[in-house]
Amino acid sequence: MASSVTSMRAALLSVCIVALIGCDGDSTTTVYTGFSSGDSLAFHTSVRGRTFDLDSFDNLDEYVTITFTPTAPGFGSPEQVSATVDGAYAVFLASGANYSVSARRPGYVDYALTNLTIPDSANIVLNIGLEPLDENVYVKSAACGVCHEALHARFRRSAHPYKISEVTGNTRPLFPFSDIAGALAGVNDDDLTDGGVPDPHPGTDNSLGTPQFYSDISFVIGGYHWKARFIDNDGYIVTGSNVQFNLANNSLTAYHNNEVDKPFNCGNCHTTGWRHYDTGLNPNRQNDLPGMDGTFAEPGIQCEACHGAGSLHSQTTLAADITLKATPRTTLQLLDQDQGYGRAIACSECHTRDGEKDWPNYVSAATTASLMAGGPEIPEGGRIAASGGLIRHHEQFDEVLGIDPDNVQNGSTRFNPNSLMWDCGQCHSDPHNTTVNQDHPNNPDLPGAISSDGCLVCHPAYDPASNPNTFGMKTLDCKDCHMPYMAASALKTPAVGTGPVTGDIRTHIFTIDLTKTDQITSDGKFAYPYITHDFACLQCHNGVQAHDRSGIDDSSYQFHQ
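Anyway, here's the lowdown on the structure attached to this text. (Residues numbered from 1 in each chain as written. Predicted model: local features only at pLDDT ≥ 70, side-chain atom pairs only at ≥ 80, totals over all residues. Heavy atoms only, no water.)

What follows deals with the side chain of Glu-395. Mapping Glu-395 onto the fold places it in the loop between strand 22 (390-392) and helix 11 (396-401). Setting aside residues up to four positions removed in sequence, Glu-395 forms contacts with His-351, Thr-352, Arg-353, Arg-383, Ile-384 and Ala-385. (Helix = DSSP H or I, 4+ residues; strand = E, 2+ residues; numbered from the N terminus. Contact = heavy atoms within 4.5 Å.)

A word on the pairing of strand 4 (residues 65-70). Here strand 4 lies mainly inside the structure; five of its six residues are buried. Two elements, strand 4 and strand 7 (residues 98-104), share six bridges in a ladder whose sense is antiparallel. Residue pairing for strand 7: Thr-67 is matched across the bridge by Ser-102. (Buried < 20%, exposed > 50% of the residue type's maximum accessible area, 1.4 Å probe, protein only. Pairing = 2+ DSSP bridges.)

What follows is about the pattern of salt bridges. All chains considered together, the criterion is met by eleven salt bridges. As a salt-bridge pair, Arg-104 and Asp-110 come within 3.2 Å of each other at their nearest N and O atoms. Given a relative accessible area of 46%, Arg-104 falls into the partly exposed group. Using a relative accessible area of 46% as the deciding quantity, one classes Asp-110 as partly exposed. (Salt bridge = Lys/Arg side-chain N within 4 Å of Asp/Glu carboxyl O.)

Right, let's get into the nonpolar core. Residues Ile-180, Tyr-214, Val-220, Phe-230, Ile-231 and Phe-264 are the most contacted members of the largest nonpolar core, which totals 29 residues. Mapped by element, the contributors of at least two residues to this core are helix 4 (183-186), strand 11 (217-222), strand 12 (227-232) and strand 14 (240-246). For this core, the element with the highest residue contribution is strand 11, accounting for four residues. Once residues lying within four places of it in the same chain are set aside, the contact partners of Tyr-214 are Val-167, Gly-169, Asn-170, Thr-171, Arg-172, Pro-173, Ile-180, Leu-184, Val-220 and Phe-230. Of all hydrophobic cores here, the second largest spans 16 residues; its members include Ala-487, Ala-488, Ile-520 and Cys-537. (Core = buried A, V, L, I, M, F, W, Y, C linked by side-chain atoms within 4.5 Å.)

Looking now at unusual backbone geometry. The residue after Trp-359, namely Pro-360, is reached through a cis peptide bond having omega 10°. Within the element layout of this structure, Pro-360 appears in the loop between helix 9 (347-350) and helix 10 (365-372). Its identity as a non-glycine residue notwithstanding, Thr-317 has a phi of 60°, on the positive side. Judged by its relative accessible area of 38%, Thr-317 is partly exposed. Phi is positive for His-394, close to 55°, though the residue is something other than glycine. Along the chain, His-394 turns up in the loop between strand 22 and helix 11.

Quick look at the structure:
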């Protein structure tokens, strides 16, 4: 690894540009570029229609881009030099014009020169030195897209990059497949306290009051498919009775109503390179906003959230220098001086609620409950947290894990750590592609997750279409019964007939147990790791969509036989 890094850095630390300007009064200079045998970048001009032999200039690093931008009007648009397969590169620079020059390559510090004058006739030499970034530095998602262009484009159509978006000027952030136009204009508060008396704090419950324009907003939380919330210019989440915009029906609902100046402390799962505010380890707040409870390298869940800081990989382009499949960060790593900064984050670190390892002790609630019951640490995930009769959102790993909330100390009821089911990629065949919008008519990409046909690869005998006992259910998809809408992110859907209230996210519990009757614990805080008759059957068999089975004992019913 060391030798590859050294050679790459050596090639880029000595970048020399030579411009040989024609002597016959040409008004423009045609410049070609490529690596010479001495590993220096050279520009050569045409002279009276002739060009230098470019055969030796075929090793220019294809990830280097050099841009010449005129500093005064009238000299054309910016000209860019970047690599092509054949090693021949050209720009056209006006004689007598002044240019600013920038050179960049992922993994290196950008080079900038503000004043380069092209003489009518002279030889000029411009030395460019690209300094390598230190290891464990985030290069940002756009840099990843330089090499992984198609993959990056697909990823940008998925939900992860938009977990939080920074607002620039007075411009509303845009999202694939979704639009939050009109959302901010409707944000308001009823100006009543929880007791119904007038609220002494007018407007929404953040001290800056109700935002009127996007210039009053620093970040938008979400905005892709489900919901959007807003962060004011002090970094506090806008709270009140009508502040959360729900995309499914363009409604506004409450979020932490009557909580004044709610800090943004969601960065561990909404940003890339999050470090929580800590007076000793990280005494900083993003953009110096007092409501930001930490800092991040990039808003949203970007490439380096899952693959780790990419400076070394972008220098060497070696797969060995990036994390391809993350393992969860440990409590000790999160308690380290860097707070786990730069490390890749596994799916299970964010797709959990009870298993989150949060500042300051980075011990999950699931582990605390297990230890109190005399059990071991729970290394990943936790119990399936619930509220209002439904599972709370972003808990897919908890659902797969299947911890019995009455016996948390026993750990998973489902699998051993070697099971394929612990690998999200078994079903999410390409985690870079959208899942929730994979069937959207404007989505050009392949599905991000397998369909029922994919389920049948492992369970070929369970195809409803070939089962003589399923009768009218032969057209069902596996997900209809095994992944009902048991979790809520933005909205709940009222019960139909005798069916249950449903959410807007499919569960990942999968296991159906018709012998059980309790879906949620008696205190309402957790769901059991199975799907009961109410959700497996009564979403359809509610007396409206299909005949009512609410009073029928189906505990011995075997669908797949």
